[in-house]
Amino acid sequence: MKKFIFVILIIIFMAGCIQSKKVSEIKKSPQKKEEVTNDYNDSNNTPIGIYKLSGNTLQRIDTINITPVVEEDIDIFQIYPSNDDNIKLSKAFGLSFYDEWIKYPNIKMGFNIKFTLQNNEDVSYNFFNPDHTFDKWEYLMNYLYDDYNNFGKSFYSHMESDEFNDNSIITSIKLQSSYSVDQVVSPIKLTVFTYDTDDDFIDNEYRGNSFHTLTICINGRAC
């Protein structure tokens, strides 16, 4: 009987050693990390640019210098679906824009503004319609225009929220200095971009292929 009990104890002891060894091996083995894959691939290559219109010619612009004055316009810029440096228009700007824009169905447009303040805060915000244009309005005020749907009018103003609808087309943007513009210590980066799905954004930042950035230098600082 004693011999039987001794054999049982040996078996239990050995089983415990084996289990302990397995646990030890599991602890020592490096855990395989879950691979983070990024399947994002932007197939949207819609051409887009920020331009200045002079007569019937659009000139693509990358950099301008300004001396901001509170509550005065910085400038108005034309948006055009092209990457060309200079474009000679054969018809009115709004009509020309429409003729090009309809070549890219299901594509939407948005804007981003970036700058740094005296307190080292980095400001970045997107806007897609008039509802968003007064974000950070204490530094900059932004106005969107529809030159296509207002074609033929001798005067028209920027789009208001109640006027913006599925037929609206953003063709121009105006920037105006606001009362705290003197707190902006970096160049202002104005970007126009196009997108087709929400995948084109990560953490609210655009990451697609279709964009153009205008750098607005303030009194030549940091440009």
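Attention in this report is confined to the structure presented alongside it. Please read these numbers as outputs of a predicted model, since none were measured by experiment.

How each quantity is defined
Every chain's residues receive numbers from 1 upward, in the order its sequence appears when written. In keeping with the predicted nature of the model, local features appear solely for residues at pLDDT of at least 70, side-chain atom pairs appear and are counted solely at 80 or more, and the whole-chain, interface and lining totals rest on all residues. Just so you know, side-chain values use all the structure's heavy atoms and leave hydrogens and water out. We define a salt bridge as a contact between a side-chain nitrogen of Lys or Arg and a carboxyl oxygen of Asp or Glu at a distance within 4 Å. Runs of H or I in DSSP of at least four residues are treated as helices and runs of E of at least two as strands, each being numbered from the N terminus. Exposure classes here rest on a 1.4 Å probe applied to the protein chains alone. A residue is buried below 20% of its type maximum, exposed above 50%, and partly exposed in between. Each Phe, Tyr or Trp ring (for Trp, its six-membered ring) is paired with any other whose centre lies within 6.5 Å, and the angle between the two planes then decides the class: stacked below 30 degrees, edge-to-face above 60, tilted in between. Note on criteria: charge over ring means Lys NZ or Arg CZ within 6 Å of the ring centre, with the direction from the centre no more than 35 degrees off the ring normal. Two strands are counted as paired when DSSP detects at least two bridges linking them.

### Examining the pattern of salt bridges
Part 1 of the reasoning: One pass over the full model with this rule turns up 6 salt bridges.
Part 2 of the reasoning: As a salt-bridge pair, aspartate 73 and lysine 174 come within 3.6 Å of each other at their nearest N and O atoms. With aspartate 73 in strand S4 (residues 73–80) and lysine 174 in strand S9 (residues 172–177), this pair connects stretches of sequence that are 101 residues apart.
Part 3 of the reasoning: The class of aspartate 73 is partly exposed, set by a relative accessible area of 43%.
Part 4 of the reasoning: Residue lysine 136 pairs with glutamate 121 through a salt bridge whose shortest N-O separation is 4.0 Å. With lysine 136 in the loop between strand S7 (122–127) and strand S8 (140–145) and glutamate 121 in the loop between strand S6 (108–116) and S7, this residue pair connects regions lying 15 residues apart in the sequence.

### Focus on the packing of aromatic side chains
Part 1 of the reasoning: If you walk through the whole model with that rule in mind, you get 19 aromatic pairs.
Part 2 of the reasoning: Where phenylalanine 111 meets phenylalanine 127, the ring centres are 5.4 Å apart and the plane angle is 10 degrees; that geometry is what we call stacked. With phenylalanine 111 in strand S6 and phenylalanine 127 in strand S7, this pair connects stretches of sequence that are 16 residues apart. The same class applies to phenylalanine 111 and to phenylalanine 127, which are both buried.
Part 3 of the reasoning: Of the aromatic side chains, those joined through ring pairs into one cluster are Phe128, Phe193, Tyr195, Phe201, Tyr206 and Phe211.
Part 4 of the reasoning: Lying across the ring of tyrosine 40, arginine 207 places its NZ or CZ 3.8 Å from the centre.

### Thoughts on the environment of isoleucine 102
Part 1 of the reasoning: In this fold, isoleucine 102 is placed in the loop between helix H2 (93–101) and S6.
Part 2 of the reasoning: With relative accessibility at 47%, the residue isoleucine 102 sits in the partly exposed group.
Part 3 of the reasoning: Counting along the chain gives 21 residues from isoleucine 102 to proline 81, while the straight-line C-alpha distance between them is 9.8 Å.

### Concerning the pairing of strand S10 (residues 188–195)
Part 1 of the reasoning: Of all 8 residues in S10, 7 are buried, a share of seventy percent or more.
Part 2 of the reasoning: Relative to S10, S6 runs antiparallel, the two being bridged by 7 bridges. Looking at the pairing, glycine 110 lines up with phenylalanine 193 of S10.
Part 3 of the reasoning: Strand direction decides the pairing type here: S10 and strand S13 (residues 211–218), joined by 6 bridges, are antiparallel. Note on S13: the bridge partner recorded for isoleucine 188 is isoleucine 216.

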